[in-house]
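Each chain is listed here by its residues.
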Amino acid sequence: MKMKKITSAALALGLALGLAGCGGNQAAGGSDLEYIKEKGTMVIGYTVYEPMNYTDENGVFTGFDTELATAVCQKLGVEPEFVEINWDTKIAELDGKSIDCIWNGMTLTDDILENTACTEPYVKNAQVVVMKADAAYSSTADLTGATIVAEGGSAGQSTVEENADLSQAELITKTVQTDCLMEVEAGTADAAVLDLTLASAMIGEGTDYADLAIKDELNVEEYGVAFRKGSDVPAAVNEAFAELRAHGGMQDLAEKYGLTLAE
C-alpha cells in the first residue's frame with residue numbers, strides 16, 4: 001500500500017496522549033478511547049466498497065478509507081485491524097464490541113447519528129441511479145414499476161423507499177453494492193441506486209461495467225465514521241483529521257481516489 005509519512009513517532013505519541021485527556025462523552029464503563037488504546041488495536045468494520053476499502057489487482061487491501069484509517073491509527077498509537085462485516089448488522093456488531101468502528105464510506109443518516117457516536121463529515125457523496133448506458137431515462141418517474149436493486153441497510157435503500165417514484169418499484173436488496181451492479185449488468189434489474197463514489201470508480205469505459213452509466217444524482221450526502229454511542233473516540237479522530245487536512249494528507253488521498261472532501 002502506498003502510504004505517506006504523516007508524522008514522526010514522537011508527534012504521533014504526543015497527539016495520542018493529548019487526545020486521551022480530551023473531555024466529551026464516554027462509553028459505558030469508561031473511556032472508549034482508553035479501551036482501544038489498551039488493546040493496542042482499532043477493529044474497523046467494512047464491506048468491500050471501491051474506492052473506499054477493497055483489494056486491488058495486485059492483491060493489496062487498499063482504498064481511501066483503508067489508507068485514512070491507517071494514518072489516523074498511527075496518530076492514535078494503535079494498529080488498524082480490518083474486519084469485513086454484514087452491513088445490515090453493523091450497529092449490533094459495534095455495540096457488541098466485535099468491531100470498534102464502522103469506517104467504510106458510511107453515510108451520516110439520521111439512524112446512524114441517533115444510534116452511534118460519529119466523527120465530523122470527511123467526504124461528500126450522493127446516491128445515483130445506474131442503468132445500462134443505452135436505457136431511456138429522464139427522471140425517477142421512468143422507474144415506477146421497474147425493478148431496482150440497492151444494498152440492504154444502505155442509504156441507497158433509504159433513497160428508494162423514500163422517493164415517491166422509486167418506492168413504487170420492486171426493490172431487491174443485496175449484501176454489497178458491487179452485487180447491485182452485477183444485477184443491472186445481467187438484466188435482472190432495471191436500475192441500481194448506490195453511492196456515487198463506488199459508481200464512479202467501477203462503471204464506464206475501461207471497467208468491467210463499460211455498458212453501465214450514471215443516469216441521475218439524487219440525495220447529496222456526507223460520509224463519517226461511527227463509533228459506539230457515547231464514545232469519546234470521535235473527538236480524537238476529528239483532531240487527527242484536522243492535522244491531516246492541515247498537512248495536505250487528506251487532500252492527497254482524495255485526489256488519489258477521485259473523491260471530494262467535505263467542507
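Here the structure is a predicted model, which means the values were calculated and not measured.

> Mind showing me how you'd approach unusual backbone geometry here?
For residues other than glycine, phi is negative in most cases, and the peptide bonds are mostly trans. The peptide bond linking E50 to P51 adopts the cis configuration, its omega dihedral lying at 15°. With phi around 65°, K97 is a residue other than glycine that occupies positive phi space. Along the chain, the position of K97 falls in the loop between α4 (90-95) and β5 (101-107).

> Before we go on, may I ask you to explain the confidence of the model for the protein in this structure?
The predicted coordinates of low-pLDDT regions are not to be read in fine detail. Of the residues in the protein, 89% reach a pLDDT of 70 or more, and the chain-wide mean stands at 89. This stretch, residues 1-28, has a pLDDT under 50; its non-local contacts, to residues over four places away or in other chains, come to 48 contacts.

> Got a minute to help me understand the nonpolar core in this structure?
One broad trend across soluble globular proteins is that nonpolar side chains are buried collectively. Within the largest apolar cluster, 49 residues are counted, with the highest numbers of intra-cluster contacts made by M42, F64, L68, W103 and Y122. At 7 residues, the largest contribution of residues to this core is made by helix α3 (residues 64-76).

> What's the story with the environment of G96 in this structure? I'm lost.
When you line up the elements, G96 lands in the loop between α4 and β5. Through-space distance from the C-alpha of G96 to that of R228 is 9.3 Å; in sequence the pair is 132 residues apart.

> Quick question: what am I supposed to make of the packing of aromatic side chains here?
The geometry of an aromatic ring pair comes down to the distance between the two centres and the angle between the two planes. Under the defined criterion, the tally for this structure stands at 8 aromatic pairs. When the centroid spacing of 6.4 Å and the interplanar angle of 80° are considered together, the rings of Y49 and Y223 count as edge-to-face. Here Y49, found in the loop between β1 (41-46) and β2 (54-55), pairs with Y223, found in strand β11 (residues 212-228); they are 174 residues apart in sequence, far enough to count as distant. Residue classification places Y49 among the buried residues on the basis of a relative accessible area of 2%. Classification of Y223 as buried rests on a relative accessible area of 0%. Between W103 and F241, the ring centres sit 6.1 Å apart and the planes meet at 80°, which makes this aromatic pair edge-to-face.

> Can you walk me through the pairing of β11 in this structure?
Successive side chains on a regular strand alternate, one facing one side of the sheet and the next facing the other. Across 4 bridges, the pairing between β5 and β11 is antiparallel. Bridge pairing in β11 places T107 opposite Y223. In this structure, strand β6 (residues 116-118) lies alongside β11, joined through 3 bridges in antiparallel fashion. The partner of C118 across the bridge, within β11, is A226. When strand β7 (residues 123-132) meets β11, the two strands line up antiparallel, connected through 9 bridges. Note that in β11 the partner of M131 across the bridge is A213.

What counts, and where the lines are drawn
Residues numbered from 1 in each chain as written. Predicted model: local features only at pLDDT ≥ 70, side-chain atom pairs only at ≥ 80, totals over all residues. Heavy atoms only, no water. Helix = DSSP H or I, 4+ residues; strand = E, 2+ residues; numbered from the N terminus. pLDDT = per-residue confidence, 0-100. Contact = heavy atoms within 4.5 Å. Core = buried A, V, L, I, M, F, W, Y, C linked by side-chain atoms within 4.5 Å. Buried < 20%, exposed > 50% of the residue type's maximum accessible area, 1.4 Å probe, protein only. Phe/Tyr/Trp six-rings, centres within 6.5 Å; stacked < 30°, edge-to-face > 60°. Pairing = 2+ DSSP bridges.

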